[in-house]
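# Architecture and fold: a report
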Amino acid sequence: MNSNNKTALITGASSDIGTAITKKLASMGYNVIIHYFKNKDAALSLEKEIIHSYSVKTLVISANIASENEITNMFTTIRNDFPQLDILINNAGIAMDNDIYDKTKDEFLKVLEVNLIGTFLVTKEATKNMNKGIIINISSTDGIDTYNDLSMDYCASKAGINSLTKTLAMRFPNIKVIALAPNWVKTKSVLEMDPAFLKQELIRIGQRELITTDEVANKVEELILDNTIKSGSIIRIDK
């Protein structure tokens, strides 16, 4: 293993999108820090696959990114093995879709705490170990113009991530901070939705077909390699 490889932290790495991005970064030669919260088996399976396929270092670590204490403890562990970060992918997120009259304050806050505040907390700690580098916040077109009233808390959180991206770019001029905003992605949770509802949604927003997780990962690679993309940019993936 080459200990001189650059290092990437991917939150929510055990999810479908997170797994695809983690594999892509490992294929690019980055050591990968595989963050998960609940799905330990998937995280360990991903690590095993990466160790088998790529000559990079790995670290599997768990934390609730809505907890400031857990984030602080996570980075204490990370710094023991990786004193410098080069890439941060803020991918972890949740959705709790339901009608406005069934949606409670606690549910709305939980979505904001994980998606928006969690992104803020991870970034705050990560930037302490980033002299330069790239931060990519996984957002959604739901934070721009494909809103759904069942997921108004999710939409608000992603709009917040887009705004946070721009202010982080101002605060850290030596780090390229970008939000990547795909519309519907072909993940297990999306494929488990009511097909009629999903079809209606795709028609409503004008999406021809689902974006694959590999297409998201390929776009992440493009954002890392393309020096013409300005910090603070919100990059859509439409299909």
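Each chain has its residues counted from 1, running along the sequence as written. In keeping with the predicted nature of the model, local features appear solely for residues at pLDDT of at least 70, side-chain atom pairs appear and are counted solely at 80 or more, and the whole-chain, interface and lining totals rest on all residues. Neither water nor hydrogens contribute to the side-chain values; these are computed over all heavy atoms in the structure.

Along its length, the chain carries 8 helices and 7 strands. For the chain, whose C-alpha radius of gyration is 17 Å, the value lies close to the compact-globule estimate of 18 Å for 239 residues. Counting only C-alpha atoms and orienting by the principal axes, one finds that the chain spans roughly 50 × 40 × 35 Å. Each residue gets one of three labels from its accessible area relative to the maximum for its type: buried under 20%, exposed over 50%, partly exposed in between, using a 1.4 Å probe on protein chains only. Looking at the chain as a whole, 51% of its 239 residues qualify as buried. If you take every contact in the chain between residues at least 6 apart in sequence, the share linking residues at least 24 apart comes to 74%. Here the chain contributes 27 positive and 29 negative side-chain charges, whose respective centroids are spaced 7 Å apart. Runs of E in the DSSP output that reach at least two residues are strands. Runs of H or I that reach at least four are helices, and both are numbered from the N terminus. Note on method: radius of gyration uses C-alpha positions; expected globular size equals 2.2 Å times residues raised to 0.38. Here, two residues are considered to be in contact whenever any of their heavy atoms come within 4.5 Å of each other. Only four residue types enter the tally: Lys and Arg on the positive side, Asp and Glu on the negative side; His and the chain ends are excluded. Charge coordinates come from a single atom per side chain, which is NZ of Lys, CZ of Arg, CG of Asp or CD of Glu.

A few words now on the nonpolar core. Each nonpolar core is a collection of buried residues, namely Ala, Val, Leu, Ile, Met, Phe, Trp, Tyr and Cys, held together in the definition by side-chain atoms within 4.5 Å. Among the nonpolar cores identified, the biggest contains 33 residues, and I21, L25, I89, I136, L180, V216 and I224 are the most heavily contacted of them. Beyond its immediate sequence surroundings of up to four residues, I136 is in contact with L88, I89, N90, I178, L180, V220, L223 and I224. Listed in part, the 26 residues of the second largest apolar core include M74, F82, I135 and L164.

So, on to the environment of T212. Relative to the helices and strands, T212 resides in the loop between α7 (195-205) and α8 (213-225). What makes T212 partly exposed here is its relative accessible area of 29%. In the structure, T212 is positioned 134 residues away from I78 in sequence and 30 Å away in space, judged by C-alpha atoms. Discounting chain neighbours no more than four positions away, the residues touching T212 are V185 and K186.

As a further point, take the packing of helix α1 (residues 16-27) against α8. Here an angle of 0 to 180 degrees is reported between the N-to-C directions of two axes, which are lines fitted to C-alpha atoms, with helices fitted over the stretch in contact. Two elements in contact, α1 and α8, have axes separated by 8 Å at closest approach and are oriented at 45 degrees. As summarised for this structure, α1 and α8 are arranged oblique, according to the angle between their axes. As α1 runs across α8, the sense of the crossing is right-handed. Touching D16, I17, A20, I21, K24 and L25 of α1 are T213, D214, V216, A217, N218, V220, E221 and I224, all from α8. By residue class, the composition of the contact of α1 with α8 is 8 nonpolar, 2 polar and 4 charged. With respect to orientation, any angle under 35 degrees is reported as roughly parallel, any angle over 145 as roughly antiparallel, any angle of 65 to 115 as roughly perpendicular, and every other angle as oblique. Two helices crossing with the near one rotated counterclockwise from the far one by less than a right angle form a left-handed crossing, whereas a clockwise rotation gives a right-handed crossing. Polar here means any residue outside two lists: the nonpolar Ala, Val, Leu, Ile, Met, Phe, Trp, Tyr, Cys and Pro, and the charged Asp, Glu, Lys and Arg; Gly therefore counts as polar.

Moving on to the side chain of K239. Among the structural elements, K239 can be located in the segment after β7 (234-237). Taking the relative accessible area as the measure of exposure, K239 reaches 16% and is therefore buried. At 2.9 Å, the side chain of K239 forms a polar contact with the side chain of E215. Setting aside residues up to four positions removed in sequence, K239 forms contacts with N183, G206, Q207, R208, E209, L210, I211 and E215. Nitrogen and oxygen atoms within 3.5 Å of one another constitute a polar contact, given that in protein one can donate a hydrogen and the other can accept it, and given that sequence-neighbouring residues count only through two side-chain atoms.

With that settled, consider the pairing of strand β5 (residues 133-138). On any regular strand, side chains alternate: one points to one face of the sheet, the next to the other face. With 5 of 6 residues buried, β5 is to be regarded as a mostly interior element. Two strands pair under a simple rule: DSSP has to find at least two bridges between them. For strand β4 (residues 87-90) and β5, the ladder comprises 4 bridges, and the chain directions are parallel. Looking at the pairing, N90 lines up with N137 of β5. Crossovers are marked right-handed if the path from the first strand over the helix to the second runs clockwise, as seen with the strands pointing away from the viewer. On the question of chirality, the crossover connecting β4 to the parallel β5 by way of helix α4 (residues 105-126) is right-handed. Judged from the 6 bridges that link them, β5 and strand β6 (residues 175-182) form a sheet pairing that is parallel. Following the sheet pairing, I136 is matched in β6 by I178. For the segment spanning β5, helix α5 (residues 152-171) and β6, crossover handedness is right-handed.

Turning next to the environment of T146. Note on placement: T146 falls in the loop between β5 and α5. Between the C-alpha atoms of T146 and G206, which are 60 residues apart in sequence, the distance is 9.4 Å. With residues up to four places along the chain from it excluded, the contact list for T146 reads T141, R204, I205 and R236.

Right, let's talk about the sheet that holds β4 for a bit. With respect to topology, 7 strands assemble into an open sheet ordered β3-β2-β1-β4-β5-β6-β7, the strand pairing being parallel. Strands with a single pairing partner mark the edges of an open sheet, and in this sheet they are β3 (58-62) and β7. In this sheet, neighbouring strand axes are inclined to one another by 15 degrees on average, regardless of whether the strands run parallel or antiparallel. Docked against the sheet, α5 engages β5, β6 and β7, running at close to 160 degrees with respect to β6. Packed onto the sheet, α8 meets β4, β5, β6 and β7 and runs at close to 155 degrees relative to β6.

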